[in-house]
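# Structure at a glance
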Amino acid sequence: MEKLKVLFATSEAVPFAKTGGLADVAGSLPKALAKLGVDARVIMPKYRSVKAGGGETAIDGVKVYLVENDDYFNRKELYGDKFGDYSDNLERFAFFSRQVLERCIKENFRPDIIHCNDWHTALIPVYLNTVYKYDPFFENTRTLFTIHNIAYQGCFQKEEFPKTGLDWALFHIHYFEFYGQMNLMKAGIVYSDAVSTVSPTYAKEILTKEYGCGLEGVLQTKKDNLYGILNGIDYGVWNPATDTKIEKRYTVETLDDKYINKEALQKELGLKVDCDIPMIGMISRLADQKGMDILARVINDILSMKVQFVLLGTGDHKYHVLLEKMAKAHQKNTSVNLRFDAVLAEKIYAASDLFLIPSRYEPCGLSQMISFKYGTVPVARKTGGLKDSISDYDLKTKQGTGFMFEEYAPEALFSAVRRALTAGQHRSAWRELVAKVMRLDFSWDVSAREYVKLYNRIRP
Ligand code: ADP
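Residues numbered from 1 in each chain as written. Predicted model: local features only at pLDDT ≥ 70, side-chain atom pairs only at ≥ 80, totals over all residues. Heavy atoms only, no water.

## Points about the overall build of the protein chain
Under the convention used in this document: Helix and strand definitions follow DSSP, with helices as H or I runs of at least four residues and strands as E runs of at least two, each counted in order from the N terminus. Exposure categories follow from relative accessible area, calculated using a 1.4 Å probe and restricted to protein chains: below 20% of the type maximum is buried, above 50% is exposed, and the middle band is partly exposed. The contact criterion used is simple: two residues touch if any of their non-hydrogen atoms lie within 4.5 Å. For the area figures, the Shrake-Rupley method with a 1.4 Å probe applies, and any residue is considered shielded solely by the protein chains shown. When charges are tallied, Lys and Arg are placed among the positive residues and Asp and Glu among the negative ones, while His and the ends of the chain are skipped. For this purpose, a charge sits on NZ of Lys, CZ of Arg, CG of Asp or CD of Glu.
Each helix and strand counted, the protein chain has 17 helices and 19 strands in total. If one aligns the C-alpha atoms of the protein chain with their principal axes, the spans along those axes are about 70 × 50 × 45 Å. Counting the 460 residues in the protein chain, one finds 59% classified as buried. Contacts in the protein chain between residues at least 24 apart in sequence constitute 70% of all its contacts with a sequence separation of at least 6. Taken as a whole, the protein chain presents about 19,900 Å² of accessible surface, with 49% of it coming from carbon and sulfur. The centroid of the 61 positive side-chain charges in the protein chain is displaced by 3 Å from the centroid of its 58 negative side-chain charges.

In structure tokens, the structure reads:
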């Protein structure tokens, strides 16, 4: 039988360009698909950060087509600078989306599935079903549109609509029109053969007013073709047994060595060197989504207990100010690091006992999976992918893998932290819990199979 052919269209991919979780997925899912015998290829813009010579490169043997246009993509950042989004983002990604289809023709690659991701690629299913509708080249090509975060929809002013090259008839409430503006994600959802998102719970949540960001109605109409598949992580990248950035590598069998990392980080960050003080880590974009507002309201209570708090993150200015103030007030047991730092991140995953993820919503979340691998137990809100990957720990039955809270409220977060600290006092049970989470498997193997099943369901 001929191989299933999948073209993964993305605006970012590790190791070439990254601003968020999508890049991790694009850099690892196609590899996992190739392992399952899929002819998987990737297509992305050739940004300045992509160092390849010509119009093509590869990720561990997976072919990556690069769409070139220096005016659009040879820039310092991917989507915008300190003044905000680039003003020509619609033109840039409309161009990219057209080029994805043109490149297929040029390469004589007839994908069974074009796997589109987020608003940047949402015009692909639209073009395929309008401009290329009668093109026999794409007769057997179907589209899957994956939503990585529904809060980012690609909304533009109505006046910009002609830049898509599409007929004004499509500026209609059933397609692009969204409260007087044009909305690319909306049109992508309407025109794709199936829609997916990055966890089963988020797939249900986005059907509701609370989480759907205005697109819940459109998604309701696609409900029978809406799927949730949990992301995986690449253990070739995230693994304390092979990590060269941390003080001392470790496995479940050499668990004591985790605490060498803890002492090393305490020393490095100027905290009291004492393994008995529980260390709470947090690595996050500092945005409302990530639960910073409820954390701000209980952080003083948390820090007045016998704990150390190590934070790494960048984002909204208001949270920078708040965290700096908090760090000043609690110098003894706090280390606040307001920057992006991949090396410090790995050290924090390795050194911490607990990892805080109080998100308001979380499509999938990768940091809880990374934490598990490093033997760091998550304290997280029961939402989206967090709910699908963490189960609540019960000290009596020893069941569970983390400490969850449901209500989005400071008291609920505080009580989950307290439960975790109490559990930590039961040394042997805690050790068992740490060993258990390290053995959990969130590699791509399972999820890539789910995608193959889904591709096969929607192809003709
Ligand atoms: P999101 O994509 O919403 O930001 P995820 O949990 O899916 O959240 O992925 C975040 C990834 O980015 C994780 O790998 C996390 O370790 C990393 N990360 C976030 N902030 C920083 C930072 N300031 N420095 C280094 N890594 C970070």
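## Remarks on the environment of Gln 399
Inspection of the secondary structure assignment puts Gln 399 in the loop between α14 (384–389) and β19 (403–405). For the pair Gln 399 and Trp 238, spaced 161 residues apart in sequence, the C-alpha separation works out to 25 Å. Beyond its immediate sequence surroundings of up to four residues, Gln 399 is in contact with Asp 392, Tyr 393, Asp 394 and Lys 436.

## With respect to the site of the ligand
Basically, it comes down to this: When at least one non-hydrogen atom of a residue lies within 4 Å of a molecule or strand, that residue is treated as near it. Here a polar contact is taken to be a pair of N or O atoms separated by no more than 3.5 Å, where protein atoms must pair a possible hydrogen donor with a possible acceptor and residues adjacent in sequence count only if both atoms sit in side chains.
Around the ligand, a shell composed of 17 residues is seen, among which Arg 285, Lys 290, Arg 339, Tyr 349 and Leu 366 lie nearest. Separating an oxygen atom of the ligand from a backbone N or O atom of Gly 21 is a distance of 3.1 Å. Tyr 349 has a polar side-chain atom sitting 2.6 Å from an oxygen atom of the ligand. When the ligand is considered free in solution it has 570 Å² of accessible area, and contact with the protein chains removes 90% of it. The set of elements that each furnish at least two residues to the shell around the ligand consists of β14 (279–286), β15 (308–315), α12 (342–351) and α13 (367–373).

## Some words on the sheet that holds β19
Pairing between the strands of a sheet is mediated by backbone hydrogen bonds and can be parallel or antiparallel. Our working rule: In this scheme, strands are said to pair when DSSP sees at least two bridges between them. Between N-to-C directions, angles span 0 to 180 degrees; the directions come from axes that are lines fitted to C-alpha atoms, helices contributing only their stretch in contact.
Pairing is parallel across the open sheet formed by six strands, whose spatial order is β16-β15-β14-β17-β18-β19. Every other strand in the sheet has two partners, leaving β16 (334–337) and β19 as the edge strands with one partner each. Strand-to-strand twist in this sheet, taken as the mean axis angle between neighbours without regard to direction, amounts to 15°. Two elements, strand β17 (residues 354–357) and strand β18 (residues 377–381), share four bridges in a ladder whose sense is parallel. Bridged to Ile 357 within β18 is Ala 380. Together, β17, β18 and β19 form the strand contacts of helix α16 (residues 427–439), whose direction differs from that of β18 by roughly 80°.

## Brief notes about α12
What sets the pattern is the α-helix's 3.6 residues per turn: residues three or four places apart point alike. Within α12, seven of the ten residues are buried, which leaves it mostly tucked inside the rest of the structure. For α12, every residue scored as buried is listed here: Leu 344, Ala 345, Glu 346, Ile 348, Tyr 349, Ala 350 and Ala 351. Buried residues belonging to α12 abut α9 (258–268), β14, β15, β16, β17 and α13. Of the residues that open α12, the one with a side-chain oxygen 3.1 Å from the backbone nitrogen of Val 343 is Asp 341.

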